[in-house]
Number of protein chains: 2
Amino acid sequence: MKYNGCHYMQRTSIFIVQINSVVRQFLREKNMSKRKMNAFYAQSGGVTSVINASASGVIQMARQHPERINHVYAGRNGILGALREELFDTQQESPSDIEKLKTTPGGAFGSCRYKLKEVSSCNNEYKRIIDVFEAHDIGYFFYNGGGDSADTCLKIAQVSAEMGYPISAIHIPKTIDNDLPITDCSPGFGSVAKYVAISTKEASLDIASMRETSTKVFILEVMGRNAGWIAASAGLAASRASDPPHIILFPEIAFDQARFLERVRQTVDQEGFCVIVASEGITFEDGSPISGSGDKDAFGHQQLGGVAPALADLIKNEMGYKHHWAKSDYLQRSARHIASATDVSQAYAAGQQAVERSLNGESSIMITIEREMSPNYQWGLGSAPLIDIANKEKYVPTDFIRPDGYGITMNAVDYLLPLIQGESYPDYIDGLPQYAKLKNKLVPKKLSQTFNLESTRHT
Amino acid sequence: MKYNGCHYMQRTSIFIVQINSVVRQFLREKNMSKRKMNAFYAQSGGVTSVINASASGVIQMARQHPERINHVYAGRNGILGALREELFDTQQESPSDIEKLKTTPGGAFGSCRYKLKEVSSCNNEYKRIIDVFEAHDIGYFFYNGGGDSADTCLKIAQVSAEMGYPISAIHIPKTIDNDLPITDCSPGFGSVAKYVAISTKEASLDIASMRETSTKVFILEVMGRNAGWIAASAGLAASRASDPPHIILFPEIAFDQARFLERVRQTVDQEGFCVIVASEGITFEDGSPISGSGDKDAFGHQQLGGVAPALADLIKNEMGYKHHWAKSDYLQRSARHIASATDVSQAYAAGQQAVERSLNGESSIMITIEREMSPNYQWGLGSAPLIDIANKEKYVPTDFIRPDGYGITMNAVDYLLPLIQGESYPDYIDGLPQYAKLKNKLVPKKLSQTFNLESTRHT
C-alpha cells in the first residue's frame, strides 16, 4: 500500500485528469492480462422501485463473463458494507431470484445515506475501502446511486489509483428525482412518474364525481425537494387544458399565496373542483418553506407538517371549500406494482452496461440514458465522466413549465410521456406480488481489523 | 297521486311489513303484466374504484331484457338527479363504453353526499322523486351506496307504495369501509384492501433497506373512521409475525400513547425499523381524536392535521427516530389500476343481480355477497331486507384483532385474503389507463316545475 495519510491529493481537475489517465492505462493492461477478479456492487441513497433491476443487470451480465469476473459481492447497506467488510456473496443466489430482482422494490442488499468524508481531509475511510477491496480481490466497483454517490464513486477511482490498486469504478444512475445531469433521465424516475400520473388521474375521477356536494379541492403532495420532475409528471394525467390536475406547484417557482388562492377559486368556479399536485419542496419567494411552522400538535410537540395539509388548511380557511389531501411519500417510490416497463428496461440495461464497460477497461464514468426522437422515442446507453456528474442537479427547464407556472408545456409532455410507457407487472401469488427474498450470505472476513464508523452520518 | 303531506306514515316495523307486502303484491301483478318500464340507477356517497362495475352490471343486464326494461336512466350526481329531473340516458352509450365502466374508477354519473329528510317530517323530497319517476315511467330503482343510501332506498320503496306508484327499489352495496351488515363484504372494499396490502408491502421493503442510516419509522394513514377494516387489510402484507406492518392501529381499540411508544421502541430495537398502519379514526380512551389539535399552521390558520403526521411527531419528539409518513386518502379508493379481480366481479354481479331480482318482483332489499368456505373460498349472491341494513355499521370483530391490539389474527387473514384475489388491470394506451368517457346525455324534462334544493346538505 502506497497510501500515506492525507497529503496525497489536491482536488483539481488537472490532477483528476492525470489520475483518470493512470487508471485507464492500468485497466487497459489489466484487461489485456484478463485476470479474473471479483466485483463489488452497492446501492446508495434513497432506493427506487427499480434499483434492484440494475442489480439484476450487473449480476446477470457478470455471470456471463465467468472468465473475467469471479463473484459479485454486494455491500450490506451500501458503502457501509465495504467499510465494515460486510459483503454478500451474490453467487449464492439462484438465477431465478436474481431474475426476480427485476420486479422487486426496495434495496435488496440494503442501502444507506452515508457521505464519505472529503478526500482532502485526514480520514481513513477511503483507505479502508481499498483495503477491503484488495483483501477480497475486487477489481470492479459498481455504485448505484444519485449525485452524492457519483462523487463517492469518482473518489474511489482516484484514491485506488493513487494507492496503486486501481479499481474500475462505474456509477449506475438511480434517483426518483430525475435530477442527475447529462443523462436524459434517471432510472427510478419513470416509474414514479407513471405512478403519480395514474394516481392523479384516478383521484381526479373520484373528486369529479363528488364535487357538487362534497370535496371541492384535492391536494396530492409528491416528492422532489429541489427539482419538480415528479410534480411535473402529474401533468400527464391531463388530455386537455381544462383536465385535472388544474394546478401543479413546482419547487422551481416561488409560491405566491394570493395568486394561488385566486387560481383555486377560478378553477372551482369554472370546473366545480380543483386538483392540485404540489412538490414537497415548494417555498415562498424568500426561500422559506410553506410547511413546518414550529407549532405544536396534540401531543404538545413541534408540528413538522407537510405541504399538502398546509395548503389544505390555507384553502379551507380562506375559501371554506371542503378538501381532501394525500401524501404519497414512500408509496410513490416503492410502487413496483405499476412500474414503467421503459424504466425497468433502462435500469436493467444500465446495470448490464456498467459491467460491459468495466470489462472494456473504462472507469470514472456514469452510464447515461440517451434519447433519440426520430421517428419515435428510442433510447440507447452512453456514458459521461463522473467529474461532470458529481454534485450537480438538473432542474425542470423553463420551457417545460407553462408561463403561468401552474402546469406543464407540450415540450414537457414530449419529454415525459415516453418514460412511462409500458406496464411491468410483478407476478402475484394469493393476491400479492411475489418479490425476491435473497439469502444474503456474508463472505467470511479476511481483515483482522474491524472498522468503527465514527457515527452514521446522515446526508 | 294519493300523497297528502306528512301524515301518511308512522315508521314502525309492522307498518313497513304491511307496505312491503303491498309493494310485492303490486310488483307481482306488474310482473305478470310485464309492462315495459324504465329504470333509474344512481350512485351515492363516497365512490369506489369499482362502483362503475356495478353500473355496468345494471345496464348490461337491463339491455338483456328489452321486453321489460326500456331505458336505464342514471341520476346526475346521485339522488340529486332524481330531485332535479336530471337523468342521463344510458341508452345513448355504446356497448364498449358500458363494458369499459368495469375498469373505470370514480362515479361515472356523479355521486353525492346528500341525506334526504326524514319521511316523518313535512317535506316534499320523496314526493318530488316519485313525481319524477312517474313522469319518466320509471318502475325500477337501483341505488348504489352504503348504509345511509340503504335507508333512502327503503324509504323510496315505502313512500312510492303509499303514493300508489310502487317502485321496485333495490340497493346495490358499495363502500370501501366494508361496514355494511349481513353481507359478507362490500363491493369496493376488496380493492382498497389489495391496494393497502400491496402498498404496505412495497413501502416496507423500501424502509427495510434504509433502516440503518435513515428512516426508522414509517406511518401509513388509511381510511376508516369507525371501522378498521382497511387498516386490518395491511396485515396481509406480513407472511410471518415479525414482518411489517409491525403495528396496526384500529379505531376499535383506544389509543394508549405510552404503550404504543413502548411497542415502537421494542420493534426498532428488534427489527431495526417499525412500520405502522393507522386508521384515520383512531381515538384516545375518552373518544377524542389524536389529531386536530387546534393549533395554527404557517398561514396562521387552524391545523387540521392528520393521524399520520401526529403520530410521526410524537415518535420523533419522544424517541428521535427519523420517520416518514404517508396518507393515501383518495388514492386508495380510486386505485382502479390495482383493483382486486374478486371485488370487480362481485361489484359487477351485484349490479346484474339487482336487475334480475327486480324483474322477479322483489323490492326493499339489498343484494348481499355470501361466502362459502368449503373446500375453498367461493361466493354467491343473496339478499337482505333493507330494514335490517339501514343505518347499521359492522366493525372488525374482536377475534380478528390480536390480543395485543396491534395486529390481525389468522381468522382475519382467512376472511380478508380471498377478497384481494386476482388482478383486474385496465387497458393502457400511451402508458396511462384508458377509462370510459360517457356522453352523459340528459333526457328532456317532462315536469314543468323545477325543484330547488334547500341547500346541499353534507352528511
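How each quantity is defined
Residues numbered from 1 in each chain as written. Chains lettered and ligands numbered in written order. Predicted model: local features only at pLDDT ≥ 70, side-chain atom pairs only at ≥ 80, totals over all residues. Heavy atoms only, no water. Helix = DSSP H or I, 4+ residues; strand = E, 2+ residues; numbered from the N terminus. Buried < 20%, exposed > 50% of the residue type's maximum accessible area, 1.4 Å probe, protein only. Pairing = 2+ DSSP bridges. Axes fitted to C-alpha atoms, helices over the stretch in contact; angles between N-to-C directions. Right-handed = clockwise from strand over helix to strand, strands pointing away. Phe/Tyr/Trp six-rings, centres within 6.5 Å; stacked < 30°, edge-to-face > 60°. Core = buried A, V, L, I, M, F, W, Y, C linked by side-chain atoms within 4.5 Å. Contact = heavy atoms within 4.5 Å. Least-squares fit on C-alpha atoms with pLDDT ≥ 70 in both. Buried area = accessible area lost by both parts, 1.4 Å probe. Salt bridge = Lys/Arg side-chain N within 4 Å of Asp/Glu carboxyl O. Polar contact = N/O pair within 3.5 Å; in protein donor to acceptor, adjacent residues only side chain to side chain. Expected span 1.5 Å × (residues − 1). pLDDT = per-residue confidence, 0-100.

1. Examining the overall build of chain A
Okay, step 1: Scanning chain A for helices and strands turns up 13 helices and 13 strands.
Okay, step 2: Going through the 459 residues of chain A one by one, you find that 64% of them count as buried.

2. Structural notes on the sheet that holds strand β10 (residues 365-372) of chain A
All names here are of chain A.
Okay, step 1: With mixed pairing, the 7 strands of this open sheet are ordered in space as β3-β2-β1-β4-β5-β10-β11. In this open sheet, the two strands that pair with only one neighbour each are β3 (87-89) and β11 (378-385). Averaged over all pairs of adjacent strands, the angle between strand axes in this sheet comes to 30 degrees, irrespective of strand direction.
Okay, step 2: The sheet contact formed by strand β2 (residues 69-75) and β3 spans 3 bridges and is antiparallel.

3. So, the pairing of β2 of chain A
Both faces of the sheet carry side chains from a regular strand, because those side chains alternate between them.
Residues and elements named next belong to chain A.
Okay, step 1: Burial of β2 is extensive: 6 of the 7 residues sit out of reach of the surface.
Okay, step 2: With 4 bridges connecting them, strand β1 (residues 37-43) and β2 associate as parallel partners. Note that in β2 the partner of Y41 across the bridge is A74.
Okay, step 3: Note on the crossover from β1 through helix α2 (residues 51-63) to β2: the handedness is right-handed.

4. Some remarks on the packing of aromatic side chains
Okay, step 1: Applying the stated rule across the entire model yields 28 aromatic pairs over all chains.
Okay, step 2: Seen from their ring centres, W229 of chain B and Y415 of chain B are 5.3 Å apart, and the 50 degrees between their planes marks the pair as tilted. Residue W229 of chain B is found in helix α8 (residues 229-233), and its partner Y415 of chain B is found in helix α13 (residues 410-416); the two are separated by 186 residues along the sequence. You'll find W229 of chain B and Y415 of chain B in the same group, each marked buried.
Okay, step 3: Among the aromatic side chains, those forming a connected cluster through ring pairs are F40, F133, F141 and Y143 of chain A.

5. Focus on unusual backbone geometry
Okay, step 1: With an omega of 5 degrees, the peptide bond between P244 of chain A and P245 of chain A qualifies as cis.
Okay, step 2: Looking at the element boundaries, P245 of chain A is found in the loop between α8 (229-233) and β7 (247-249).
Okay, step 3: Even without glycine at this site, E85 of chain B takes up a positive phi of about 60 degrees.
Okay, step 4: Within the secondary structure, E85 of chain B sits in the loop between α3 (79-83) and β3 (87-89).
Okay, step 5: Here E85 of chain B falls in the buried class, since its relative accessible area comes to 2%.

6. Quick notes on the nonpolar core
Okay, step 1: With 96 residues, the main nonpolar core has F218 and L416 of chain A together with F218 and L416 of chain B as its most contacted residues.
Okay, step 2: Apart from residues lying up to four places away in sequence, L416 of chain A is in contact with F189, W229, A232, S233, L236 and I408 of chain A.

7. So, the sheet that holds strand β10 (residues 365-372) of chain B
Residues and elements named next belong to chain B.
Okay, step 1: Spatial ordering of the open sheet is given by β3-β2-β1-β4-β5-β10-β11, a layout of 7 strands whose pairing is mixed. Taken across any chain shown, the strands that pair with only one partner, and hence form the sheet edges, are β3 and β11 (378-385). Across the sheet, the mean angle from the axis of one strand to that of its neighbour is 30 degrees, orientation sign disregarded.
Okay, step 2: In the sheet, strand β5 (residues 168-173) pairs with β10 via 2 bridges, with the strands oriented parallel. Across the sheet, residue H171 finds its bridge partner in β10, namely M366.
Okay, step 3: Each of β1 (37-43), β2 (69-75), β4 (138-145) and β5 touches helix α2 (residues 51-63); the most contacted strand, β1, lies at about 175 degrees to it.

8. Overview of the relation of the copies chain B and chain A
Okay, step 1: Least-squares fitting of chain B to chain A yields an RMSD of 0.0 Å, with the transformation described by 0.0 Å of translation along the axis and a rotation of 180 degrees. Such a combination of rotation and displacement between the chain copies is what one expects of a two-fold axis. For chain B, the residue whose C-alpha comes nearest the rotation axis is K327 of chain B, separated from it by 2.5 Å.
Okay, step 2: Interface overlap between copies: 100% of the residues of chain B at the interface are likewise at the interface in chain A, consistent with a symmetric, same-surface contact.

9. A word on the pairing of strand β9 (residues 323-327) of chain A
Residues and elements named next belong to chain A.
Okay, step 1: With 5 of 5 residues buried, β9 is to be regarded as a mostly interior element.
Okay, step 2: Across 5 bridges, strand β6 (residues 217-222) lies against β9 in parallel orientation. Along β9, the bridge assignment pairs I219 with W325.

10. Points about the interface of chain B and chain A
Okay, step 1: Taken together, the 91 residues of chain B in the interface contact 91 residues of chain A.
Okay, step 2: Both faces combined, the contact of chain B with chain A buries some 7500 Å², and carbon together with sulfur accounts for 58% of it.
Okay, step 3: Note that R84 of chain A is salt-bridged to E212 of chain B, the shortest N-O span being 2.4 Å.
Okay, step 4: For the pair chain B and chain A, the number of links is 37 residue pairs in polar contact (both at pLDDT 80 or more).
Okay, step 5: Elements with a minimum of two residues in the side of chain B that touches chain A: α7 (189-210), β6 (217-222), α10 (307-319), β9 (323-327), α11 (329-333) and β13 (432-433) of chain B.

11. Quick notes on helix α12 (residues 341-359) of chain B
Residues and elements named next belong to chain B.
Okay, step 1: Compared with the 27 Å implied by 1.5 Å per residue over 19 residues, the 27 Å span of α12 between its first and last C-alpha is a close match.
Okay, step 2: Here α12 lies mainly inside the structure; 16 of its 19 residues are buried.
Okay, step 3: In this structure S340 caps α12, since a side-chain oxygen of it lies 3.2 Å from the backbone nitrogen of T342.
Okay, step 4: The first or second residue beyond α12 is G361, which carries a positive phi of 90 degrees.

12. Considering helix α10 (residues 307-319) of chain A
Okay, step 1: Taking 1.5 Å as the rise per residue, α10 of chain A with 13 residues should run 18 Å; its terminal C-alpha atoms sit 18 Å apart, in good agreement.
Okay, step 2: Burial analysis of α10 of chain A places 10 of its 13 residues in the buried class, which makes it a mostly covered element.
Okay, step 3: Residues of α10 of chain A that are buried include every one of V307, A308, P309, A310, L311, A312, D313, L314, I315 and M319 of chain A, and no others.
Okay, step 4: Buried-residue contacts for α10 of chain A involve β6, β7, α9 (257-271), β8 (274-279) and β9 of chain A together with β9 of chain B.
Okay, step 5: Two residues or fewer past α10 of chain A, G320 of chain A is found with a positive phi of approximately 75 degrees.

13. Quick word on the pattern of salt bridges
All names here are of chain A.
Okay, step 1: Evaluated as defined, the whole model comprises 34 salt bridges over all chains.
Okay, step 2: Across the pair K194 and E423 runs a salt bridge whose closest N-O atoms are separated by 2.8 Å. Residue K194 is located in helix α7 (residues 189-210), and its partner E423 is located in the loop between α13 (410-416) and β12 (428-429); the two are separated by 229 residues in the primary sequence.
Okay, step 3: On the accessibility criterion, E423 (27% relative accessible area) is partly exposed.
Okay, step 4: Here R265 ties to E262 by a salt bridge, and the two come within 3.9 Å at their closest N and O atoms. Residue R265 and its partner E262 are located together in helix α9, separated by 3 residues, close to a single helical turn.
Okay, step 5: For E262, a relative accessible area of 38% translates into the label partly exposed.
Okay, step 6: Where salt bridges share partners, they join E118, D151 and K155 into one cluster.

14. Quick word on the confidence of the model for chain A
All names here are of chain A.
Okay, step 1: Averaged over chain A, the pLDDT score is 90; the fraction of residues at 70 or greater is 88%.
Okay, step 2: Confidence over residues 293-298 falls short of pLDDT 50; this stretch has 25 contacts with residues more than four positions distant or in other chains.
Okay, step 3: This complex was scored by the predictor with a pTM of 0.92 and an ipTM of 0.92.

15. Some thoughts on the environment of S374 of chain A
Residues and elements named next belong to chain A.
Okay, step 1: Turning to its location among the elements, S374 is positioned in the loop between β10 and β11.
Okay, step 2: With a relative accessible area of 57%, S374 lands in the exposed category.
Okay, step 3: Placed 22 residues apart in sequence, S374 and Q352 show a C-alpha to C-alpha distance of 25 Å.

16. Focus on the side chain of S279 of chain B
Okay, step 1: Within the secondary structure layout, S279 of chain B lies in strand β8 (residues 274-279).
Okay, step 2: Setting aside residues up to four positions removed in sequence, S279 of chain B forms contacts with V222, M223, G224, A227, G228, A231, L249, P251 and V307 of chain B.

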